[in-house]
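# Survey of secondary and tertiary structure
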Amino acid sequence: DAEITQSPRHKITETGRQVTLACHQTWNHNNMFWYRQDLGHGLRLIHYSYGVQDTNKGEVSDGYSVSRSNTEDLPLTLESAASSQTSVYFCASSEGGRMNTEAFFGQGTRLTVV
Amino acid sequence: AQSVAQPEDQVNVAEGNPLTVKCTYSVSGNPYLFWYVQYPNRGLQFLLKYITGDNLVKGSYGFEAEFNKSQTSFHLKKPSALVSDSALYFCAVRARANTGFQKLVFGTGTRLLVSP
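Residues numbered from 1 in each chain as written. Chains lettered and ligands numbered in written order. Predicted model: local features only at pLDDT ≥ 70, side-chain atom pairs only at ≥ 80, totals over all residues. Heavy atoms only, no water.

### Some points on the overall build of chain B
Which entries qualify depends on this criterion: By the criteria applied, helices consist of DSSP H or I runs no shorter than four residues and strands consist of E runs no shorter than two, each listed in order from the N terminus. Remark: exposure states derive from per-residue accessible area (1.4 Å probe, protein chains only) relative to the maximum for the residue type, with buried under 20%, exposed over 50%, and partly exposed in between. The convention is simple: Lys and Arg are positive, Asp and Glu are negative, and His and the chain ends are not counted. Taken as the charge centre is NZ of Lys, CZ of Arg, CG of Asp or CD of Glu, depending on the residue.
If you tally the helices and strands in chain B, you get 0 helices and 12 strands. Each principal axis of the C-alpha distribution contributes one length, and for chain B these read about 45 × 30 × 20 Å. Considering chain B as a whole, with its 116 residues, one finds that 47% of them fall into the buried category. Distance from the positive charge centre (11 side chains) to the negative charge centre (7 side chains) of chain B: 10 Å.

### Digging into the environment of A:Glu14
All names here are of chain A. What counts, and what does not: Throughout, a contact is declared for two residues whenever any of their heavy atoms are within 4.5 Å.
Along the chain, Glu14 falls in the loop between β2 (10-13) and β3 (19-25). For the pair Glu14 and Glu95, spaced 81 residues apart in sequence, the C-alpha separation works out to 36 Å. Setting aside its immediate chain neighbours within four residues, Glu14 contacts Ala81, Val113 and Val114.

### Description of the nonpolar core
Quick reminder of the rule: Each nonpolar core is a collection of buried residues, namely Ala, Val, Leu, Ile, Met, Phe, Trp, Tyr and Cys, held together in the definition by side-chain atoms within 4.5 Å.
Grouped together as the largest cluster of nonpolar side chains are 30 residues, with contacts concentrated most on B:Trp35, B:Leu47, B:Leu48, B:Phe74, B:Leu76 and B:Tyr89. Apart from the residues lying within four places of it in its own chain, the contact partners of B:Leu48 are B:Leu33, B:Phe34, B:Trp35, B:Val57, B:Lys58, B:Gly59, B:Phe63, B:Glu64, B:Ala65, B:Phe74 and B:Leu76. Core analysis: the second largest hydrophobic core is formed by 19 residues, A:Phe90, B:Tyr36, B:Leu104 and B:Phe106 among them.

### Here we look at the packing of aromatic side chains
For clarity, the threshold we go by: Pairing of aromatic side chains requires ring centres within 6.5 Å, counting the rings of Phe and Tyr and the six-membered ring of Trp. Pairs whose planes differ by under 30 degrees are stacked, by over 60 edge-to-face, and all others tilted.
Enumeration over the complete set of coordinates arrives at 16 aromatic pairs over all chains. Summarising the aromatic geometry, the rings of A:Trp27 and A:Phe104 are spaced 4.2 Å apart at their centres and angled 20 degrees between planes, so their arrangement reads as stacked. In this pair, A:Trp27 sits in the loop between β3 and β4 (31-38) while A:Phe104 sits in strand β10 (residues 104-105), placing the two residues 77 residues apart along the sequence. Owing to a relative accessible area of 31%, A:Trp27 belongs among the partly exposed residues under this scheme. Between A:Phe105 and B:Phe106 the ring centres are 5.9 Å apart and the planes differ by 75 degrees, which places this aromatic pair in the edge-to-face class. Placement of the pair is A:Phe105 in strand β10 and B:Phe106 in strand β11 (residues 102-106), with the two residues belonging to separate chains. Residue classification places A:Phe105 among the buried residues on the basis of a relative accessible area of 9%. Accessibility expressed as a relative area gives 8% for B:Phe106, which makes it buried. Ring pairing ties together the aromatic residues A:Phe33, A:Tyr35, A:Phe105, B:Phe34, B:Tyr36, B:Phe46, B:Phe90 and B:Phe106, which thus form one cluster.

So, in structure tokens, the structure goes:
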């Protein structure tokens, strides 16, 4: 079965370190997204990608970057981790070009910056 | 701007009773509406969606949602709640941003607690 997987599931890092969260999907979806989930804010969009070599900023992109070198993967990098980036991060994917398709989510990565 | 409001942080219901989780939206153009559920330490799971057609949409696990265009609402419902329905529920709307991107906007979530 097709799926979307994130790794690691849990990560503790120190302030100032670079951290990369992995996201891999086997749906062959063109669209991929990164969200962060924080109490009282729901899910907020960090970055998204329409397809290979395409990346775009979401509403809370400062301090984050992504790259899309193939269809399956969209790694999220925190350039210099800050305590404000302690959160649960979700990757998602959806079929490209259609408004009526649902997104599929990974199980999340809980990141703690100390 | 597109937005979704879930006015209740938490909904409490007794097992066997009907449940409603409220959602209202604001979007230009036709709304594409979704409900997702999140169980503890899990990702979001798709429940149901409204695209067009019947205003009552049926989804997974016995859930349904009623689309009301005049009230811009998309409330989630279930005739008889189960303790296992206790989870965090998110309403979302998909709309096309100025860049053409299909932006998925989420509400802040409603925690459903079903008591035995």
